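Below, each chain spelled out in residue letters.
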Amino acid sequence: MTTFSFSLQTGETGPLEKGSEPDRLRIPIPCHTPILSEGDQVLVGTKIAIANHDGSGDMHAPMAGIIQDILPYSMLIKVNGKDRAKTKKAPSADGAPLKEWLRDMGAQVKNIDKAPILIINAVPPEPGISIYDPLLRDYRKTLELGLETVQRIVKPSKMFLVAAKGNRANAFANCTVMHVAPTYPNGIDEMVIKAVTGQEVLPDAPPDDTVILSVSDLYFIGRIMETGRPLTETIMTIGNRNYLIRVGTPVGFLAEQAGATVQPGDRIVMGGPMRGLTAINLEQGVGKDTTGLQILRKDESLKTTDNFCLGCGECERHCPARIMPGMISRCAEFKQFKRAEDFHIHSCIECGICGYWCKAQRPLLQYIRLAKYELALLRKDETPSDMIVQAETGQAGEKE
Ligand code: SF4
Ligand code: SF4
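Residue numbers run consecutively from 1 along every chain, following the written order of its sequence. For naming, the first written chain is A and the first written ligand is 1, with later ones following in the order written. This being a predicted model, a pLDDT of at least 70 is required before a residue's local features are given, and a value of 80 or more before pairs of side-chain atoms are given or counted; all residues contribute to the totals for chains, interfaces and linings. Side-chain numbers here rest on the full set of heavy atoms in the structure, without hydrogens or water.

### Here we look at the site of ligand 2
Part 1 of the argument: When at least one non-hydrogen atom of a residue lies within 4 Å of a molecule or strand, that residue is treated as near it. The immediate surroundings of ligand 2 are formed by C309, L310, G311, C312, G313, E314, C315, G326, C358, K359, A360 and L364.
Part 2 of the argument: All amino acids are sorted into three groups, where Ala, Val, Leu, Ile, Met, Phe, Trp, Tyr, Cys and Pro are nonpolar, Asp, Glu, Lys and Arg are charged, and the leftover types, Gly among them, are polar. Partitioning the shell around ligand 2 into residue classes produces 7 nonpolar, 3 polar and 2 charged.

Structure (structure tokens):
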């Protein structure tokens, strides 16, 4: 059994490394409309799909190749060269035109609007994910360019950089540096907003006066400005190293490059051990927001069950949103999705801690995500296709 720790301390990390080049890319397009067809040749940086949601970035080809197939939520590119599309110049105007240009270049600019408070989240999102550390150490200029660019849209009067105590967090531009305890889930945006402003907010609903971005968001915006090329990469912690990985790289390829053999029954988790999503198969490609890769061995991970709730209250005791995960899970289990709202399901920040502590090993986070998805379908005011409905998260290991 692996030992699991909630610590967000990253220790010393090595440089950011370039991931190997796969011979095919399975690019996720969960909320995009493809603008090309099967058989089309693309260059590095060719736009291949337009985001359907305001603020989501458009998708561009990370490598040159031929589009081999297009499925509802992904696109396969067979790599065949290195030719690049032309670079694009950023607009000189600030505000909305700059935001729209960044979105067109693939950056996620949702919620980047004029606001008096700008928060840079440098707290690792999950235990074992150290992607911000090499950026803060080795890519200061790019980060500062990213920050200058964001400032041209947000026009903040106060800026904060929030880091986990004990991790790298020197003075950064003219941000006030704040520290939070290096314990999960303190890196989740809602927790960071609360640490800075004292306000509790619902997931994905920052207060009107606050914009929050991660260190990697700044890095990607800085890279777009430096190069005039679209965002086609993500940064991932694999093992204890950090890599720049092309979007769409299959998880099986990454596991192979890391020297790992995936056996039947093992799970590849995209992201961290608490909030990550199990890949459907070895060919699934990583997205722009995939922060890590974990392999949960068949006999090492906690087994989720359909055990009934014991009513022990252990999940409630640990829930940072102070809601009742056990009751919500029962609503989902018996398809009483509307009732889950009576138990404040929308306050859940999806940290996964309840499932970790559940005495009955119930898949609590999975039940909660299922209920949120069903509620979105009922409301019909959201596009369910952008909500990931994969059932499993990786909740690794044993309690310390
Ligand atoms: S995932 Fe569980 S512990 Fe975390 S906020 Fe939601 S209900 Fe609470
Ligand atoms: S920890 Fe598990 S068994 Fe206990 S109340 Fe919560 S859901 Fe029920």
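### Here's the deal with the side chain of T237
Part 1 of the argument: Considering the arrangement of structural elements, one finds T237 in strand 13 (residues 233-238).
Part 2 of the argument: Polar contacts involving the side chain of T237 include one to the side chain of N242, which spans 2.6 Å.
Part 3 of the argument: Other than its neighbours up to four places away in sequence, T237 contacts G128, I129, S130, I131, N242, T291, G292 and L293. By the criteria applied, helices consist of DSSP H or I runs no shorter than four residues and strands consist of E runs no shorter than two, each listed in order from the N terminus. In the analysis that follows, any N or O atom pair within 3.5 Å is treated as a polar contact, provided that within protein one partner can donate a hydrogen and the other can accept it, and provided that, for residues neighboring in sequence, both atoms belong to side chains. Every residue pair with non-hydrogen atoms within 4.5 Å of one another is taken to be in contact.

### So, the packing of helix 3 (residues 140-154) against helix 5 (residues 215-227)
Part 1 of the argument: Where helix 3 contacts helix 5, the axes come no closer than 7 Å and their chain directions differ by 90°. When the axes of helix 3 and helix 5 are compared, the pair comes out roughly perpendicular. Residues T142, L143, L145, G146, L147, T149, V150 and R152 of helix 3 touch helix 5, and the partners they reach there are V215, L218, Y219, I221, G222, R223, M225 and E226.
Part 2 of the argument: Tallied by class, the residues present in the contact of helix 3 with helix 5 amount to 9 nonpolar, 4 polar and 3 charged. Think of each axis as a best-fit line through the C-alpha atoms, taken over the contacting stretch in the case of a helix, with angles from 0 to 180 degrees between the N-to-C directions. Oblique is the label for any angle not under 35 degrees, not over 145, and not in the 65 to 115 range, which are roughly parallel, roughly antiparallel and roughly perpendicular in turn.

### Side note on the sheet that holds strand 3 (residues 32-34)
Part 1 of the argument: Spatial strand order, 3-5-6: 3 strands in an open sheet with antiparallel pairing. In the strand order of this sheet, the two ends are held by strand 3 and strand 6 (59-60), each with one partner.
Part 2 of the argument: Two strands make a pair as long as DSSP finds a minimum of two bridges between them. In terms of strand pairing, strand 3 meets strand 5 (residues 47-51) through 3 bridges, oriented antiparallel. Looking at strand 5, one finds that P34 is bridged to A49.

### Here we look at the sheet that holds strand 4 (residues 41-42)
Part 1 of the argument: Taken in spatial order, the 4 strands line up as 2-8-7-4 in an open sheet, and their pairing is antiparallel. Edge positions in the sheet fall to strand 2 (24-28) and strand 4, since each has one partner strand and no second.
Part 2 of the argument: The pairing of strand 4 with strand 7 (residues 64-71) spans 2 bridges and is classified as antiparallel. Its bridge partner being in strand 7, Q41 is matched across the sheet by I66.

### Structural notes on the domain arrangement of the chain
Part 1 of the argument: Annotation of the chain at the domain level lists domain 1 (7-79 + 92-245) and domain 2 (314-386).
Part 2 of the argument: Look at where the C-alpha atoms of domain 1 and domain 2 centre, and you get two points 27 Å apart.
Part 3 of the argument: Taken together, the contact between domain 1 and domain 2 spans 13 residues of the former and 11 residues of the latter.
Part 4 of the argument: Only one rule defines a salt bridge in this text: a Lys or Arg side-chain nitrogen within 4 Å of an Asp or Glu carboxyl oxygen. At the boundary of domain 1 with domain 2, the tally comes to 1 salt bridge.
Part 5 of the argument: Among the salt bridges present, the one from R322 reaches E200, with a minimum N-O distance of 3.0 Å.
Part 6 of the argument: On the surface where domain 1 and domain 2 come into contact, there are 2 residue pairs in polar contact (both at pLDDT 80 or more).
Part 7 of the argument: For the side of domain 1 that touches domain 2, the per-class residue count stands at 9 nonpolar, 1 polar and 3 charged. The start and end points of each domain follow an automatic or database-based domain assignment.

### Digging into the confidence of the model for the chain
Part 1 of the argument: pLDDT runs from 0 to 100 and stands for how confident the predictor is about each residue. A residue-level look at the chain finds 94% of positions with pLDDT of 70 or above and a mean pLDDT of 92.
Part 2 of the argument: Segment residues 383-400 is flagged for pLDDT under 50; beyond a separation of four residues in sequence, or across chains, it makes 68 contacts in the model.

### What to know about the pattern of salt bridges
Part 1 of the argument: This model, assessed by the stated rule, comprises 28 salt bridges.
Part 2 of the argument: Here D266 and R297 are joined by a salt bridge, their closest N and O atoms 2.6 Å apart. Placement of D266 in the loop between helix 6 (251-257) and strand 15 (267-270) and of R297 in the loop between strand 17 (292-296) and helix 7 (314-318) is noted, with a sequence separation of 31 residues between them.
Part 3 of the argument: Partly exposed residues are those whose accessible area sits between 20% and 50% of the maximum for their type, while under 20% is buried and over 50% is exposed, using a 1.4 Å probe and protein chains only. Relative accessible area serves as the criterion here: at 14%, D266 is assigned to the buried category.
Part 4 of the argument: Between K338 and E341 there is a salt bridge whose closest N-O contact spans 3.1 Å. With K338 and E341 both in helix 9 (residues 337-342) and 3 residues apart, the pair spans about one turn of that helix.
Part 5 of the argument: Overall, K338 belongs to the exposed group, its relative accessible area being 54%.
Part 6 of the argument: The network of salt bridges with common partners includes K47, D58, K88, E100, R103 and D104.

### Remarks on the layout of surface pockets
Part 1 of the argument: Taken as a whole, the second largest pocket holds about 630 Å³ of empty space.
Part 2 of the argument: The distinction between a cavity and a pocket rests on a 1 Å grid over the protein atoms alone: a 1.4 Å probe fits inside a cavity but cannot get out, while a pocket stays open yet meets protein on both sides within 12 Å along at least five of seven lines, and a residue with an atom within 4 Å of a point counts as lining. Contributing to the lining of the second largest pocket are 28 residues, with K18, V44, R84, T232 and E233 lying nearest its centre.
Part 3 of the argument: Contributing elements (two or more residues each) for the lining of the second largest pocket: strand 1 (16-18), helix 5 and strand 14 (241-246).
Part 4 of the argument: Here the lining of the second largest pocket gets 5 residues from one element, more than from any other, and that element is helix 5.
Part 5 of the argument: For the lining of the second largest pocket, the per-class residue count stands at 12 nonpolar, 6 polar and 10 charged. Grid points are joined across faces, edges and corners, and a volume is the space filled by probe spheres set on the points.

### Quick notes on the site of ligand 1
Part 1 of the argument: Close to ligand 1 lie C319, P320, A321, I323, P325, C348, I349, E350, C351, G352, C354 and I368, which account for all nearby residues.
Part 2 of the argument: Its residues placed into classes, the shell around ligand 1 shows 10 nonpolar, 1 polar and 1 charged.

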